[in-house]
Amino acid sequence: SKITLTVIKADVGGFVGHTDVHPELLEIAKKHLKEKGKMLIDFHVTRVGDDIELIMTHREGVDSEKVHKLAWDVFWICSEKAKELKLYGAGQDLLKDSFSGNIKGLGPGVAEMEFEERKSEPVIIFMADKTEPGAWNLPLYKMFADPFNTVGLVIDPNMHQGFKFEVYDMIGHKKIIFETPEDIYDMLVFIGATGRHSIRKVYTKNNEIAAVSSTQRMNFMAGKYIGKDDPVLIVRCQNGLPAIGEALEPFANSYLVTGWMRGSHNGPMIPVSLEDAVPTRFDGPPRVCALGFQLAEGKLIGPQDFFKDVAFDNAREKALEMADYIRKMGPFEPHRLPLEELEYTTLPHVVEKLQGRWKEE
Ligand code: 13P
Ligand code: 13P
Ligand code: MG
Ligand code: MG
Ligand code: MG
């Protein structure tokens, strides 16, 4: 029967500020999943920056009320501890007081996929902090549609026909399927606008699921600034899908994403090991981690912390140079986001305050 791989994440309080998760919270999360997660085949609890990441396997399918409730309960009890320790922004990503059937729309980020486990099933869980779901658009495009990144598109007969991308409009609340390579120019019109459109899923042309991201924009849901939706992404690899090294290759060059300080700046994404996923400089720069697992009847064999590799050192160094460069712009665009993008921060209150002082001319 089919396996479901579910990743659910939330920030329920930072230690210290927005930089990390307190170790006690991770212990509570592990203990709860061990005791109450009878429906799980396996799980792995980790953190990237101030976000707790629950990686779970089971046979309950996607959108399982049982699994979502379990994750909600974990975050809820962790937030109780966060309040006790007076961690920063305790309960930050829990927008509702109670669980109602599905964790989507309640604040935490979710990426999950159901599939028939192959003879060998290598997967990568990408997890980012201080950025938003649109940050996956560029690397997903490269992994699944760019032959200069993924040579399998050229030389693997099982990849040569291309892929299908499901793109979600997070403001218009609608979706579209693009077929690649046929539609790449059309698709780039939309996925290049990362604040609005996000690649939610990638399928093979035979409708086999290949990648799923977390796509909700919490700050739109909350109506006020409550942090960024530090996103997660699941990618299946090898055998008609990108090789592990093809899925990691887009991160060998840093690129600019939205997030960083107060979720209001553009800055470089840095690929880092879990150990280095503690964003401090100007609350960043944004980080991405990649954990690899081999699935064995749903068991998570791993993890392999891919960005530990010295081969990503140049990307890190370039990212730090980019950070120095763009930080010098201070509160000026394009380092700071344009006014329209700051609509969900506290900035509108400043604008409102000055209303009477603007004179028509
Ligand atoms: P190995 O010979 O190390 O198994 O590498 C095979 C491969 O295809 C790497 O992408
Ligand atoms: P987080 O979404 O990671 O909590 O970041 C919030 C923030 O404002 C950082 O400056
Ligand atoms: Mg935080
Ligand atoms: Mg965070
Ligand atoms: Mg956040």
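Here is a short report on the structure shown in this document. (Residues numbered from 1 in each chain as written. Chains lettered and ligands numbered in written order. Predicted model: local features only at pLDDT ≥ 70, side-chain atom pairs only at ≥ 80, totals over all residues. Heavy atoms only, no water.)

### Some remarks on the coordination of the magnesium ion (ligand 4)
For the magnesium ion (ligand 4), the protein coordination sphere consists of Asp50 (OD), Asp51 (OD), Asp129 (OD) and Asp230 (OD), at 2.0 to 2.5 Å. Along the chain, the residues donating to the magnesium ion (ligand 4) fall in the pattern D-D-x77-D-x100-D. The metal-metal distance between the magnesium ion (ligand 4) and the magnesium ion (ligand 3) is 4.5 Å, with Asp50 coordinating both. Of this pair, Asp50 sits in the loop between β2 (40–48) and β3 (51–58) while Asp230 sits in the loop between α6 (218–222) and β10 (232–236), and the two are 180 residues apart along the sequence. Each member of the pair Asp50 and Asp230 is classed as buried. (Donors = N, O, S within 2.8 Å, 3.2 Å for Na, K, Ca; no water. Helix = DSSP H or I, 4+ residues; strand = E, 2+ residues; numbered from the N terminus. Buried < 20%, exposed > 50% of the residue type's maximum accessible area, 1.4 Å probe, protein only.)

### Focus: the nonpolar core
Membership of the largest hydrophobic core comes to 39 residues, with the highest contact counts inside it found for Phe126 and Phe144. Among the elements that take part in this core, helix α3 (residues 137–145) stands out by supplying five residues, more than any other. When neighbours within four sequence positions are excluded, Phe144 is seen to be in contact with Leu153, Phe163, Phe165, Thr180, Val202, Ala210, Ala211, Val235 and Pro242. Grouped together as the second largest cluster of nonpolar side chains are 28 residues, Leu33, Leu40, Ile52 and Val110 included. (Core = buried A, V, L, I, M, F, W, Y, C linked by side-chain atoms within 4.5 Å. Contact = heavy atoms within 4.5 Å.)

### Some details on empty space enclosed by the protein
All chains considered together, the criterion is met by two cavities of 30 Å³ or more. There is about 50 Å³ of room inside the largest cavity. In terms of lining, the largest cavity is formed by Lys9, Asp93, Gly107, Pro108, Gly109, Pro133, Ser214, Gln216, Met218, Lys228, Asp229 and Asp230. When the residues that make up the lining of the largest cavity are grouped by side-chain class, the tally is three nonpolar, four polar and five charged. (1 Å grid on protein atoms, 1.4 Å probe; cavity = no way out; pocket = protein on both sides within 12 Å on 5 of 7 lines; lining within 4 Å. Points joined across faces, edges and corners; volume = space filled by probe spheres on them. Nonpolar A, V, L, I, M, F, W, Y, C, P; charged D, E, K, R; others polar.)

### A word on α3
Since one α-helical turn is 3.6 residues long, residues separated by three or four positions face the same way. Most of α3 is tucked away: seven of the nine residues are buried. Residues Asn137, Pro139, Leu140, Tyr141, Met143, Phe144 and Ala145 constitute the buried set of α3.

### Focus on the side chain of Glu53
Within the secondary structure layout, Glu53 lies in strand β3. For the buried Glu53, which has no salt bridge, the nearest side chain bearing the opposite charge is Lys9, at an N-O separation of 5.9 Å. Setting aside chain neighbours within four positions, we find Glu53 in contact with Ile8, Lys9, His44, Val45, Thr46, Arg47, Val48, Met127 and Val232. (Lys, Arg positive; Asp, Glu negative; His and termini not counted. Salt bridge = Lys/Arg side-chain N within 4 Å of Asp/Glu carboxyl O.)

### Some words on the coordination of the magnesium ion (ligand 3)
Within the protein, the magnesium ion (ligand 3) binds to Asp11 (OD), His18 (ND1) and Asp50 (OD); these donor distances fall in the range 2.0 to 2.2 Å. Between consecutive donor residues of the magnesium ion (ligand 3), the sequence gaps follow D-x6-H-x31-D. His18 gets classed as partly exposed once you look at its relative accessible area, which sits at 22%.

### A look at the packing of helix α1 (residues 23–36) against helix α2 (residues 65–84)
Closest axis-to-axis distance for the α1/α2 pair is 9 Å, and the angle between their directions is 145°. Considering only the axes of α1 and α2, their crossing is right-handed. Two secondary-structure elements touch here, α1 through Glu24, Leu25, Ile28, Ala29, His32, Leu33 and Lys36 and α2 through Leu70, Asp73, Val74, Ile77, Cys78, Lys81 and Ala82. Taken together, the residues of the contact of α1 with α2 break down into nine nonpolar, one polar and four charged. (Axes fitted to C-alpha atoms, helices over the stretch in contact; angles between N-to-C directions. Left-handed = near helix turned anticlockwise from the far one by under 90°.)

### Some points on unusual backbone geometry
Between Thr180 and Pro181 the backbone carries a cis peptide bond, its omega angle lying at 5°. With respect to the helices and strands, Pro181 occurs in the loop between β7 (174–180) and α5 (184–191). Between Gly302 and the following residue, Pro303, the backbone shows a cis peptide bond with an omega angle of 5°. Secondary-structure assignment places Pro303 in strand β15 (residues 299–305).

### A short note on the environment of Gly192
Positionally, Gly192 belongs in the loop between α5 and β8 (197–204). Residues Gly192 and Tyr141, spaced 51 residues apart in sequence, show a C-alpha to C-alpha distance of 10.0 Å.

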